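# Summary of structural features
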Amino acid sequence: MAEAGVRAVPITPDTVTRRQLPDGAVVLVRESHAHPALTVRGYLPAGVRVDPPGRDGVAVLAASMLTRGTARHSSQELALELDSMGASVGVSADLEGAGFWARCLAEDAERVLELLTEVLLRPTFPPEEVEKQRAKFITAIRESRLDTRAAADKAFRTAAFPPGHPHHRPAEGEEETVAAVTRDDLAAFHRQRYRPDGLVVTVVGDVAAQWVIDRLARAFEGWTPAPVSAPPPVPAAGPAPSVQRRQVEIPGKTQADIVLGVPGFSRTSPDYYAGMMADLILGRLGLMGRLGARVRDEEGLAYYVYSQAQAGFYGGPWAVRAGVNPANVARAIEGILREIEGFHREPARGDELRDAREYVTGSLALRLETDGGIAQALLELELFDLGLDYLPRFPALIKAVTSEQMGDVARRYLRLDGYTVATAVPA
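Residues numbered from 1 in each chain as written. Predicted model: local features only at pLDDT ≥ 70, side-chain atom pairs only at ≥ 80, totals over all residues. Heavy atoms only, no water.

## Details of the packing of aromatic side chains
The description of an aromatic ring pair uses the distance of the two centres, along with the angle that the planes make with each other. The test is simple: Working definition: rings of Phe, Tyr and Trp (its six-membered ring) pair if their centres are within 6.5 Å, and the pair is stacked with planes under 30 degrees apart, edge-to-face with planes over 60 apart, and tilted otherwise. Helix and strand assignments come from DSSP, with helices taken as H or I runs of at least 4 residues and strands as E runs of at least 2, each series counted from the N terminus. Think of it in three bands: residues with accessible area under 20% of the maximum for their type are buried, residues over 50% are exposed, and the middle band is partly exposed, with areas taken using a 1.4 Å probe on protein chains only.
Using the criterion set out here, one finds ten aromatic pairs in the structure. On the basis of an interplanar angle of 75° and a centroid distance of 5.4 Å, the ring pair of phenylalanine 265 and tryptophan 318 is categorised as edge-to-face. In this pair, phenylalanine 265 is assigned in the loop between strand S8 (256-263) and helix H10 (272-283) and tryptophan 318 in strand S10 (residues 315-324), connecting sequence segments 53 residues apart. Neither phenylalanine 265 nor tryptophan 318 differs from the other in exposure class; each is buried.

## Points about the environment of glutamate 110
Topologically, glutamate 110 is positioned in helix H4 (residues 109-121). For glutamate 110, a relative accessible area of 39% gives the class partly exposed. For the pair formed by glutamate 110 and valine 212, sequence separation is 102 residues and the distance between their alpha carbons is 8.5 Å.

## Examining helix H11 (residues 285-298)
Rule in force here: The span expected for a helix works out to 1.5 Å for each residue beyond the first. One axis is fitted to the seven residues ending at the residue and one to the seven starting there. The bend at that residue is the angle between these axes. Only heavy atoms enter the contact rule, under which two residues are in contact if any of them lie within 4.5 Å.
The end-to-end C-alpha separation of H11 is 16 Å, well short of the 20 Å expected for 14 residues at 1.5 Å each. The principal kink in H11, of about 90°, is found at glycine 292. The complete set of buried residues in H11 reads Leu285, Gly289, Arg290, Leu291, Gly292 and Val295. Of the surrounding secondary structure, the elements contacted by the buried residues of H11 are H10, strand S9 (304-311), S10, helix H12 (329-345) and helix H13 (352-367). The positive-phi residue at the C-terminal boundary of H11 is glycine 300, with phi of around 60°.

## Re the sheet that holds strand S11 (residues 420-426)
To be explicit about the condition: In this description, strands pair whenever DSSP reports at least two bridges between them. Between the N-to-C directions of two axes lies an angle of 0 to 180 degrees, each axis being a line fitted to C-alpha atoms and, for a helix, fitted only over the stretch in contact.
Overall, mixed pairing links the five strands, which are arranged S7-S11-S8-S10-S9 in an open sheet. Two strands lie at the open edges of the sheet, namely strand S7 (244-250) and S9, each paired on one side alone. Across the sheet, the axes of successive neighbouring strands diverge by a mean angle of 15°, strand direction being ignored. Where S9 meets S10, seven bridges bridge the pair, whose relative direction is antiparallel. Within S10, the residue paired with alanine 309 across the bridge is tryptophan 318. Docked against the sheet, H12 engages S8, S10 and S11, running at close to 30° with respect to S8.

## Observations concerning the environment of leucine 378
Among the structural elements, leucine 378 can be located in helix H14 (residues 371-383). Each C-alpha atom, one on leucine 378 and one on proline 123, is 27 Å from the other, the two residues being 255 residues apart in sequence. Beyond its immediate sequence surroundings of up to four residues, leucine 378 is in contact with Ile11, Val16, Arg30, Thr202, Val204 and Leu388.

## Notes on the sheet that holds strand S5 (residues 98-105)
Pairing is mixed across the open sheet formed by six strands, whose spatial order is S1-S2-S6-S3-S5-S4. Sheet topology places strand S1 (17-20) and strand S4 (88-93) at the edges, where each strand pairs with a single neighbour. Neighbour to neighbour, the strand axes of the sheet diverge by 10° on average, direction disregarded. Here six bridges tie strand S3 (residues 37-44) to strand S6 (residues 200-205), and the two strands are oriented antiparallel to one another.

## So, the nonpolar core
Condition: Here, the term nonpolar core denotes a set of buried Ala, Val, Leu, Ile, Met, Phe, Trp, Tyr and Cys residues that are joined through side-chain atoms within 4.5 Å.
Grouped together as the largest cluster of nonpolar side chains are 65 residues, with contacts concentrated most on Ile258 and Leu260. Here this core gets nine residues from one element, more than from any other, and that element is H10. Once you skip the residues sitting within four places of it in the chain, isoleucine 258 turns out to touch Val320, Arg321, Ala322, Val324, Val329, Ala332, Ile333, Val421, Ala422 and Thr423. Within the second largest apolar cluster, 60 residues are counted, among which are Ala98, Cys104, Leu115 and Phe189.

## Overview of unusual backbone geometry
Here phenylalanine 125, not a glycine, exhibits a phi torsion of approximately 50°, which is positive. With respect to the helices and strands, the residue phenylalanine 125 is situated in the loop between H4 and helix H5 (127-145). Residue classification places phenylalanine 125 among the buried positions, given a relative accessible area of 1%.

## Details of the side chain of histidine 73
To be explicit about the condition: In the analysis that follows, any N or O atom pair within 3.5 Å is treated as a polar contact, provided that within protein one partner can donate a hydrogen and the other can accept it, and provided that, for residues neighboring in sequence, both atoms belong to side chains.
By secondary structure assignment, the location of histidine 73 is in the loop between helix H2 (58-65) and helix H3 (75-85). A polar atom in the side chain of histidine 73 sits 3.4 Å from the side chain of arginine 111.

Encoded structure:
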């Protein structure tokens, strides 16, 4: 049933209109007339990867500022107009890029597209708004120092990934780097990094595809960003030559958090499908996979435990995360390693592989039941060059994953002699 559901979703080369505009931007439109609404998703290569040296956090701060004032609208004016239409527009940045979105009724599509392009192309970075956002970021950074989950994650990334890698540091930067960012830094970053070449926009809803393409083409016409040099190459990342341990002590805490893992695989890696399925069985399927069944439920060593492989343009962490009683840190780590070792020997037990296949294909079918899910799926198809025929092919790709492939990927990445483990514990 799940596989048939995926195949029934009409996302094929015949049902999606794709155009590359003269300035390099790519627009994909999927007409959907079941509801009188419009959903937009988009991406720009303007994330942490291209933060200027010594200005960690510029990408995230700049993205947060785009709706805080434009050449035609103050932050309050923009918010009031969107609210009057029941619409939303937003921009945010992460480790690998900047994303934007919009949602509105079809009758307001033209106006909301105008506002979205105004936000992307003509922000003004009002000084008072910059200070408000800076204060919010610094407060969040200070609070993260007192959060055991955040502290363990930061310690893990710093040790597991080399300097210069997008996953080496927090996306929001450090307090001192955020404090040093000026309004001119933000404006310069926008002029250089918000550019049509590399821009992808997906639109799903009750509109004509050519109408959307024509309006976006006019909005982007004449968009001339400042020249910019290519960022330095991303250093390679993989399992460490030996086990690395890091510990952070935080006063006043009653819980400890653990992050144990390695740099993983990218979305375009040949290891992606087997790795994703291995991660699902190890620490996410059902009530957090084998890790949840053994370390949490049977042994009672963790409040929560799960694994997650973050696969984007670059291989992110493939890590097990757990919250435990401080007295159980060592035993919980032993339990996690025991389950990883067990997975190396026996990647699929009983019906695990069948259940994982059904879960993955069924989850995709559910995701594609909304316009937002379709728009996000189209965005990923374009960014990772998967092709508009990918979704009909997806069930066969999952079905082809074998137990032997999962075991091979787990043994090569989740090595018991080359992992990094970071803990954040009460002082």
